[in-house]
Amino acid sequence: EAGVAQSPRYKIIEKRQSVAFWCNPISGHATLYWYQQILGQGPKLLIQFQNNGVVDDSQLPKDRFSAERLKGVDSTLKIQPAKLEDSAVYLCASRANGRNIQYFGAGTRLSVL
Amino acid sequence: GESVGLHLPTLSVQEGDNSIINCAYSNSASDYFIWYKQESGKGPQFIIDIRSNMDKRQGQRVTVLLNKTVKHLSLQIAATQPGDSAVYFCAEKRTGGGADGLTFGKGTHLIIQP
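Scoring rules and cut-offs
- Residues numbered from 1 in each chain as written.
- Chains lettered and ligands numbered in written order.
- Predicted model: local features only at pLDDT ≥ 70, side-chain atom pairs only at ≥ 80, totals over all residues.
- Heavy atoms only, no water.
- Pairing = 2+ DSSP bridges.
- Helix = DSSP H or I, 4+ residues; strand = E, 2+ residues; numbered from the N terminus.
- Axes fitted to C-alpha atoms, helices over the stretch in contact; angles between N-to-C directions.
- Salt bridge = Lys/Arg side-chain N within 4 Å of Asp/Glu carboxyl O.
- Buried < 20%, exposed > 50% of the residue type's maximum accessible area, 1.4 Å probe, protein only.

(A) Region of the structure containing the sheet that holds strand E3 (residues 19-24) of chain A. Residue and element names in this part refer to chain A. Here 4 strands make up an open sheet; going across it, the order is E1-E3-E8-E7 and the pairing antiparallel. The open sheet has two edge strands with one neighbour each: strand E1 (5-7) and strand E7 (65-68). When strand polarity is set aside, the average angle formed by the axes of neighbouring strands in this sheet is 15°. Where E3 meets strand E8 (residues 75-79), 5 bridges bridge the pair, whose relative direction is antiparallel. The residue bridging Trp22 from the neighbouring strand is Thr76, located in E8.

Shown next as structure tokens:
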């Protein structure tokens with residue numbers, strides 16, 4: 001069974017530029033999460049989707065971050081414009097209905113210069 | 001505020017010894033806890049989980065203990081191997097509602113000495 005796929009693995013941009021990350025969850029997983037992991041810290045939830053609907057985006061900085069999951073499968077997280085403090089690893093996770101375990105992808109490491 | 005934290009940032013153990021990683025949580029409403037292992041350059045990997053109606057759960061070489069009285073969680077790794085070197089995170093959530101994102105602690109870096 002394929003795991004959570006994320007791309008790109010690395011991205012380097014300058015501040016004020018835009019960037020997008022892509023995630024394809026485990027097949028059949030209806031729930032998808034985006035987390036931000038700053039160096040030396042644990043992951044922090046940004047947004048949770050159930051199918052193509054947003055369940056929780058209370059910790060998403062909506063002035064610059066946006067996310068979508070239009071067809072309820074893969075998802076895109078965008079930052080526009082990026083700030084230096086956005087440098088982090090962006091992790092995607094998915095979960096099957098009726099289960100608690102979230103499975104994580106390898107993440108996208110973003111460096112904002 | 002509500003948080004999940006770890007007591008030690010780094011734990012060094014001899015290969016073959018048992019490791020114990022501790023975690024404290026403050027949200028008494030949390031009813032599900034999970035341990036992840038994260039190796040450098042990789043995403044968190046599931047190790048073991050436990051629901052609040054249990055005190056102990058065992059897996060292969062790992063045991064999780066939950067003490068709800070003092071809001072404490074621990075991960076025990078038996079006969080530690082070099083491949084166990086990683087950062088270990090505990091996380092918690094409250095189930096039963098739609099929003100169920102995990103709240104993570106800062107992690108413990110487990111170092112295995114030869």
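(B) Representation of the pairing of strand E6 (residues 53-56) of chain A in the model. Bridge count between strand E5 (residues 44-50) of chain A and E6(A): 3 bridges; the pairing is antiparallel. Looking at the pairing, A:Gln48 lines up with A:Asp56 of E6(A).

(C) View of the pattern of salt bridges. Within the structure shown, the criterion is met by 8 salt bridges over all chains. The salt bridge partner of B:Lys93 is B:Asp100, with a shortest N-O separation of 3.0 Å. In terms of burial, B:Lys93 and B:Asp100 fall into one category: buried. By sharing partners, the salt bridges in this structure join A:Arg95, B:Lys93 and B:Asp100 into a single network.

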